[in-house]
Amino acid sequence: MRESLRRTVRGATAALTGLLTTVLVTACSVGGTEAPAAAGSAAASPRPSASAALDWNTRPASLAALGDSITRGFDACGVLTDCPELSWATGSGASVTSVAGRLLTRPAARSWNLAASGARMADLPAQAERAVSLRPQQVMILMGANDACAPSTARMTPVDAYRRDFATALRTLHRGLPEAQVFVASVPDLLRLWDVGRRNALGRQIWKLGLCPSMLADPEATNAAANARRQAVRKRVIAYNGVLAQECARWEHCRSDGGAVFDYRFTEAELSPWDWFHPSARGQSRLAGIVYGAAFGSGAVTR
């Protein structure tokens, strides 16, 4: 999402730039053993038994986060900038209480944010290779919004390609870090983000610069064609989330969030005041709580 927004902002008109400057300067308030695979998927290990599920470590000593602009905290503290200190996964800011901050006694020394703004699922295998070199006990993944945020619905990442790259990344992690745990968060509901952000007049103007056009183009249009386009994006995100859950379930040391992130209804205050689409600092904090609860809390997802 970041790269298309950067390019389009640079080409925006002077009038809109002035409007952005006036508003933005006033605000900064508020990502083992293998068994026969199913047809068309990567080799995988069988689901763990009920007793094996109890072996999930709720206090890992180190953490690596993989993903895209959401995990980099993009636009959470300033316009067109990464704010990793506010990341839901590894942020050090007191206002966020990141997953790493909740888990680790020395989060700055024992957590790594390997996400990249603009990344797609095709970039995840390389991020996984970097994670292997760091030897974390826990890997957190949130990836897929950019695969749906395409210039048009026809150019969204095909589900088969999304599956292939995700399966490759998981295989890399589990072969290189056979004892590490992997937790996979679902892709947020982009339709919900449109529905909330479209109520803000400045947000609608910013979206016209080209942010996630497959979902956000013509933000005020509610005709049949616009609704069908948005529903096509949402359907693709749901398919991506199905892939995440299915492929994760093939590995003994992997869990997914059961759709917790997708199901969460972000509020306007939880969206960035710079683009009304990425999570704000408050949104990052809420995301941290959702993922931590699903992975390690009393309501943790189990299989």
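The preceding data block contains the structure.
The sections below set out a description of the structure shown in this document. The shown structure was predicted, so the numbers you read here are calculated from the model rather than taken from an experiment.

Reading guide: rules and limits
Residues numbered from 1 in each chain as written. Predicted model: local features only at pLDDT ≥ 70, side-chain atom pairs only at ≥ 80, totals over all residues. Heavy atoms only, no water. Core = buried A, V, L, I, M, F, W, Y, C linked by side-chain atoms within 4.5 Å. Buried < 20%, exposed > 50% of the residue type's maximum accessible area, 1.4 Å probe, protein only. Helix = DSSP H or I, 4+ residues; strand = E, 2+ residues; numbered from the N terminus. Contact = heavy atoms within 4.5 Å. Disulfide = S-S within 2.5 Å. Pairing = 2+ DSSP bridges. Axes fitted to C-alpha atoms, helices over the stretch in contact; angles between N-to-C directions. Parallel < 35°, antiparallel > 145°, perpendicular 65-115°, else oblique. Nonpolar A, V, L, I, M, F, W, Y, C, P; charged D, E, K, R; others polar. Polar contact = N/O pair within 3.5 Å; in protein donor to acceptor, adjacent residues only side chain to side chain. Salt bridge = Lys/Arg side-chain N within 4 Å of Asp/Glu carboxyl O. Phe/Tyr/Trp six-rings, centres within 6.5 Å; stacked < 30°, edge-to-face > 60°.

Some points on the nonpolar core
The biggest cluster of nonpolar side chains holds 77 residues, and the ones touching the most others in it are Trp88, Ile141, Leu173 and Leu190. With eight residues, helix α15 (residues 281–296) is the single largest residue contributor to this core. In contact with Ile141, other than residues within four places in its own chain, are Leu66, Leu124, Phe166, Leu170, Leu173, Val182, Phe183, Val184 and Ala185. In terms of nonpolar packing, the next biggest core, distinct from the first, is built from five residues, Ala76, Leu86, Val96 and Ala281 among them.

Observations regarding the state of the cysteines
Applying the stated criterion across every chain yields a total of three disulfides. Paired by a disulfide, Cys77 and Cys83 hold their sulfur atoms 2.1 Å apart. Handedness of the Cys77-Cys83 disulfide follows from its S-S torsion of about -85°: it is left-handed. Classification of Cys83 as buried rests on a relative accessible area of 0%. For the protein chain, the bonded cysteines pair up as 1-2, 3-4, 5-6 when numbered in the order they occur along the sequence.

Details of the pairing of strand β1 (residues 63–67)
Counting buried positions along β1 yields five of five residues, so the element is predominantly enclosed. Burial along β1 is two-sided: Leu63, Ala65 and Gly67 facing one way and Ala64 and Leu66 facing the other are all buried. Relative to strand β2 (residues 111–113), β1 runs parallel, the two sharing three bridges. Paired with Ala65 across the strands is Asn113, a residue of β2. Here β1 runs beside strand β3 (residues 138–142); their pairing, made up of five bridges, is parallel. In the sheet register, Leu63 faces β3, and the bridge partner there is Gln138.

With respect to the packing of helix α10 (residues 190–197) against helix α13 (residues 224–248)
For any two helices packed against each other, one specifies the inter-axial angle together with the distance between the axes. Across the interface, α10 lies against α13 with an axial gap of 8 Å and an inter-helix angle of 140°. When the interaxial angle is binned, α10 and α13 end up oblique. Counted together, Leu190, Leu191 and Trp194 of α10 and Arg230, Gln231, Val233, Arg234 and Val237 of α13 form the full contact between these two elements. Across the contact of α10 with α13, the residue classes break down as five nonpolar, one polar and two charged.

A short note on α10
Side chains three or four residues apart in an α-helix point the same way, a direct result of the helix having 3.6 residues per turn. Of all eight residues that make up α10, eight are buried, and the element is covered over most of its length. Against α8 (145–148), α11 (201–207), α12 (213–216) and α13 lie the buried residues of α10. The opening residue of α10, the one whose side-chain oxygen lies 3.1 Å from the backbone nitrogen of Leu191, is Asp189.

A look at the pattern of salt bridges
As enumerated under the stated definition, the model contains nine salt bridges in all. Two residues, Arg72 and Asp82, come together in a salt bridge whose shortest N-O distance is 3.5 Å. Linking Arg72 in helix α4 (residues 69–72) with Asp82 in the loop between α4 and α5 (99–103), this pair joins segments that are ten residues apart in sequence. In this structure, Arg199 engages Asp195 in a salt bridge whose closest nitrogen and oxygen atoms are separated by 3.2 Å. Residue class for Arg199 comes out exposed when judged on its relative accessible area of 55%. Note on Asp195: relative accessible area 18%, which makes it buried. Through salt bridges with shared partners, a single ionic network connects Arg192, Asp195, Arg198 and Arg199.

Section: the pairing of strand β4 (residues 181–184)
Burial along β4 is two-sided: the face carrying Gln181 and Phe183 and the face carrying Val182 and Val184 are both buried. For β3 and β4, the ladder comprises four bridges, and the chain directions are parallel. Residue Ile141 lies in a different strand from β4, and its bridge partner there is Val184. Bridge count for β4 against strand β5 (residues 254–256) is three bridges, and the pairing is parallel.

Considering the sheet that holds β4
With parallel pairing, the five strands of this open sheet are ordered in space as β2-β1-β3-β4-β5. Unpaired on one side and paired on the other, β2 and β5 mark the two borders of the sheet. In this sheet, adjacent strand axes meet at a mean angle of 15° when their direction is disregarded. Contacts from helix α7 (residues 124–134) reach β1, β2 and β3 within the one sheet, and its direction differs from that of β1 by about 170°.

Structural notes on the packing of aromatic side chains
The way to describe two aromatic rings as a pair is by their centre distance and the angle between their planes. For the coordinates displayed, the defined rule picks out four aromatic pairs. Note on Tyr264 and Phe266: the rings are 4.8 Å apart at their centroids and 90° apart in plane angle, and the pair reads as edge-to-face. Since its relative accessible area comes to 3%, Phe266 is described here as buried. Ring geometry for Tyr292 versus Phe296: centroids 5.7 Å apart, planes at 45°, classification tilted. Residue Tyr292 and its partner Phe296 are located together in helix α15, separated by four residues, close to a single helical turn. Residues Tyr292 and Phe296 agree in their burial class; the two are buried.

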